[in-house]
There are 2 protein chains.
Amino acid sequence: MTSPNPILIVGSMAFDDLELPSGVFPNTVGGSATYSAFACSALAPARVVAVVGTDFPEALVGSLAARGVDTTGIERAAGKTFRWAGRYDADLCGRTSLDTQLNVFADFRPKIPAAFRSTPLVMLGNIHPALQAEVLDQMDAPKLVVADTMNFWISGEPKTLAALLKRVDVLIINDEEVRELSGVHNIRKAAAAVRALGPKHLIIKRGEHGALLFNDGGIFAVPGFPLENVVDPTGAGDSFAGGLIGYLATQSLDAPLQPSTLRRAMIHGTATASHCVEAVGTSRVATLTSDEVEGRVREISALFAID
Amino acid sequence: MTSPNPILIVGSMAFDDLELPSGVFPNTVGGSATYSAFACSALAPARVVAVVGTDFPEALVGSLAARGVDTTGIERAAGKTFRWAGRYDADLCGRTSLDTQLNVFADFRPKIPAAFRSTPLVMLGNIHPALQAEVLDQMDAPKLVVADTMNFWISGEPKTLAALLKRVDVLIINDEEVRELSGVHNIRKAAAAVRALGPKHLIIKRGEHGALLFNDGGIFAVPGFPLENVVDPTGAGDSFAGGLIGYLATQSLDAPLQPSTLRRAMIHGTATASHCVEAVGTSRVATLTSDEVEGRVREISALFAID
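Throughout what follows, the structure given in this document is the object of discussion. (Residues numbered from 1 in each chain as written. Chains lettered and ligands numbered in written order. Predicted model: local features only at pLDDT ≥ 70, side-chain atom pairs only at ≥ 80, totals over all residues. Heavy atoms only, no water.)

### Quick notes on the pattern of salt bridges
Opposite charge on two side chains permits pairing when their charged atoms draw close. Heads up, the rule is: Whenever Lys or Arg places a side-chain nitrogen within 4 Å of a carboxyl oxygen from Asp or Glu, that contact is recorded as a salt bridge. Helix and strand assignments come from DSSP, with helices taken as H or I runs of at least 4 residues and strands as E runs of at least 2, each series counted from the N terminus. Exposure is judged per residue with a 1.4 Å probe applied to protein chains only, and the accessible area is read against the type maximum: over 50% gives exposed, under 20% gives buried, and values in between give partly exposed.
One pass over the full model with this rule turns up 32 salt bridges over all chains. Asp169 of chain B is the salt-bridge partner of Lys200 of chain B, the closest N and O atoms lying 2.7 Å from each other. With Lys200 of chain B in the loop between α7 (187-195) and β11 (201-205) and Asp169 of chain B in the loop between α5 (158-165) and β10 (170-174), this residue pair connects regions lying 31 residues apart in the sequence. We classify Lys200 of chain B as partly exposed; its relative accessible area is 46%. Here the salt bridges do not stand alone but share partners, grouping Asp175 and Arg206 of chain A together with Glu208 of chain B into one network.

See below:
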């Protein structure tokens, strides 16, 4: 096996004030880039482009670097780090955003270091689609672009998002977002409509119910892993994306990705996300090993093995 | 392959007044026994014990009989047939019960004809657990008992239901019911608690998200089949049960059921239910063939095949 390909991850780094059924956890380090980078670093080397404020702990950046993540693209700006506060329901299925302070993230314009521009895999976290496009504009010719987005951009920036989607290979969104993006309720028809906008592979996240993959290989359904203890769902989607792209980075990128490769990547994403939610914040993904990912991959595969 | 074993089905036969996004369908023939019998008759011979009123169409009974269903246990009582009225949400995910008239079903006491008492498989539809027990009391020694129940009996008849569960091999309920029955929210812990009450095999229905099976073989997750057109979810659970027990009836019952046999049965149940919801009422299951079930089984199996 050859060494895994490097992955460029662009997204947010943040402080989250979490109100969970198990307690209140203020100032928890979060953000899409943080979760994705920790998650994928179990499988492949990541390079992060993000912005933090002067209040962000250097030790956290150090713990990313200690896992082989290239943190030289993390800009430290004058001001405070992006902050989000949320309260989860008792059953952890729903959550309410209590507060969002963009802080230094408000003026974030991703600058891709020269050494990062030839990175073959790119993970575009959920930021303004114009910024996602700016990232791609700075890259040489990535072999695979994975992107996340959300309702806020789907309704607020439809044209910018539509232009971006033509440049995306794998789009990862949830049920509601695929319905809003397509204007179609039926999930199968909605998926076909979204794929017609550009992404060859569409992944629909369904929380505890797992995820669906739509591509030329048909439909693939990976179940959620039924855990005995779910502690904190924050970052599950970003960890899913990190595990997914981390697995893809271990595969050859010289030919178009096979549907079966994406199917295996889906299981790796699910395995990674299932670890993430077992502890508060990034504490679990920050120490996740490839053996632990592969162990959970086997448990998930057993969920749909007949014999 | 030997001939399939016969299946005794006890449950309701009814008229449903359905308000669907596609239109209003009054006087639609329904009921748990009707759906399960039509569904399982694609795979194995069913024997029905139920009660209808003088208003129930003889032609419908004839169409069951034409599919090899033994209808001699369907009692015709003076009065009106059980009637339910419901309105579905625009997305077909939720529904509101508008009216329930028990009518002749209020005094239903299942009488198992002598010729039915040695039937090896028994499907106990969702009726009072005391009546479900009366059915088993009248049977010689069924090799497999499958049962459904609901929140109404879980909260209202906990002791009677607990006694019944000790006699049930396969219990089929939904997420909310397994949580209420166990008093535990986490689905994995709740499943273990319910299995400790008696059922060796617990199936948790999750609507469009598929179903989970918990038994000594571990956990099996079958995805819902993403349909292009869902018309009427009424009877999906009863059709699932019919397809499941219909498949089990084709297997040897001389040894304890293998976990893998239950896994295949889950896929057959899902296949059958996915056909059911493609048309109003029982119209689709009433003509369902084993080839159509097996075709959908292959489509569902492809949803979780890696290569």
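There's plenty left to go through after this.
### Considerations on the sheet that holds strand β1 (residues 7-10) of chain A
Note on sheets: strands pair through backbone hydrogen bonds, and any given pair is parallel or antiparallel. Residues and elements named next belong to chain A. Test applied: Any two strands with at least two DSSP-identified bridges between them are counted as paired. Only the stretch in contact is used when fitting a helix axis, every axis being a line fitted to C-alpha atoms; angles between N-to-C directions are given from 0 to 180 degrees. Note on contacts: a residue pair qualifies if any of its non-hydrogen atoms lie within 4.5 Å across the two residues.
Read from one edge to the other, the open sheet built from nine strands follows the order β5-β4-β1-β8-β9-β10-β11-β12-β13, with strand pairing classed as mixed. The sheet terminates laterally at β5 (70-76) and β13 (218-222), the two strands that pair on one side only. Here the average twist between neighbouring strands, direction ignored, is 15°. One ladder, built from three bridges, connects strand β9 (residues 144-148) with strand β10 (residues 170-174); its direction is parallel. Across the sheet, residue Asp148 finds its bridge partner in β10, namely Ile172. Relative to the sheet, helix α6 (residues 175-182) contacts β10 and β11 (201-205), its axis offset from that of β10 by approximately 110°.

### Quick word on the interface of chain A and chain B
Defined as follows: As a working definition, buried area equals the accessible area (1.4 Å probe) given up by two parts on being put together, with both sides summed. We call two N or O atoms a polar contact when they sit within 3.5 Å, provided that within protein one can donate a hydrogen and the other can accept it, with sequence-adjacent residues counted only if both atoms are side-chain atoms. The classification used treats Ala, Val, Leu, Ile, Met, Phe, Trp, Tyr, Cys and Pro as nonpolar, Asp, Glu, Lys and Arg as charged, and all other residues, Gly among them, as polar.
On the chain B side, the residues contacting the 29 residues of chain A number 29 residues. With both sides pooled, the region where chain A packs onto chain B buries about 2,800 Å², and carbon together with sulfur makes up 51% of that total. At the surface where chain A touches chain B, the tally comes to six salt bridges. Here Arg188 of chain A and Glu228 of chain B are joined by a salt bridge, their closest N and O atoms 4.0 Å apart. There are 19 residue pairs in polar contact (both at pLDDT 80 or more) connecting chain A and chain B. A total of four residues in the side of chain A that touches chain B trace back to one element, the largest contributor, which is helix α9 (residues 259-276) of chain A. In terms of residue class, the side of chain A that touches chain B is made up of 14 nonpolar, five polar and 10 charged.

### Considerations on the relation of the copies chain A and chain B
Defined as follows: Least squares is the method for superposing the copies, and the C-alpha atoms it fits come from residues with pLDDT of at least 70 in both.
Rotating chain A by 180° and moving it 0.0 Å along the rotation axis overlays it on chain B with an RMSD of 0.0 Å. Taken together, the turn and the small shift mark the pair as related by a two-fold rotation axis. By residue overlap, the copies meet face to face through one surface: 100% of the interface positions of chain A are interface positions in chain B.

### Description of the sheet that holds strand β3 (residues 23-30) of chain A
All names here are of chain A. Strands sit in the order β3-β2-β6-β7 across an open sheet of four strands; the sheet is mixed. At either margin of the open sheet sits one strand with a lone partner, and together these are β3 and β7 (95-101). Across the sheet, the mean angle from the axis of one strand to that of its neighbour is 15°, orientation sign disregarded. Of the pairings in the sheet, the one linking strand β2 (residues 14-20) to strand β6 (residues 82-88) comprises six bridges and is parallel in character.

### Overview of the packing of helix α9 (residues 259-276) of chain B against helix α10 (residues 290-303) of chain B
Residue and element names in this part refer to chain B. Here is the rule we go by: Any angle from 65 to 115 degrees is called roughly perpendicular, while one under 35 is roughly parallel, one over 145 is roughly antiparallel, and all others are oblique. Here a crossing is called left-handed whenever its near helix is offset anticlockwise from the far helix by less than a right angle, and right-handed whenever the offset is clockwise.
Where α9 contacts α10, the axes come no closer than 8 Å and their chain directions differ by 110°. When the axes of α9 and α10 are compared, the pair comes out roughly perpendicular. In this structure, the crossing between α9 and α10 has a hand that is right-handed. In this structure, α9 contributes Ile267, His268, Thr270, Ala271, Thr272, Ser274 and His275 to the contact, and α10 contributes Glu292, Val293, Glu294, Arg296, Val297, Ile300 and Ser301. In terms of residue class, the contact of α9 with α10 is built from five nonpolar, six polar and three charged.

### A word on the packing of aromatic side chains
The line we're drawing: For Phe, Tyr and Trp, where Trp contributes only its six-membered ring, two rings pair if their centres lie within 6.5 Å, and the inter-plane angle classes them as stacked under 30 degrees, edge-to-face over 60, or tilted in between.
Under the definition given, this model contains 11 aromatic pairs over all chains. Consider the rings of Phe82 of chain A and Phe105 of chain A, whose centres lie 5.1 Å apart with planes at 20°: the pair is stacked. Here Phe82 of chain A, found in strand β6, pairs with Phe105 of chain A, found in the loop between β7 and β8 (121-124); they are 23 residues apart in sequence, far enough to count as distant. Using a relative accessible area of 13% as the deciding quantity, one classes Phe82 of chain A as buried. Relative to Phe304 of chain B, the ring of Phe220 of chain B has its centre 6.4 Å away and its plane inclined at 85°; by these criteria the two rings are edge-to-face. Taken as a pair, Phe220 of chain B in strand β13 (residues 218-222) and Phe304 of chain B in the segment after α10 lie far apart in primary sequence, 84 residues in all. As far as burial versus exposure is concerned, Phe220 of chain B and Phe304 of chain B are alike and both buried. A network of ring pairs unites the aromatic residues Phe220 and Phe304 of chain A together with Phe220 and Phe304 of chain B as a single cluster.

### Considerations on the pairing of β13 of chain B
Regular strands have side chains that alternate between both faces of the sheet. All names here are of chain B. Of all five residues in β13, four are buried; the element is thus mostly enclosed. As paired elements, strand β12 (residues 211-215) and β13 share five bridges and run antiparallel to each other. Counted as the bridge partner of Phe214 is Ile219 from β13. Linking β12 to β13, which pair antiparallel, is a turn of two residues.

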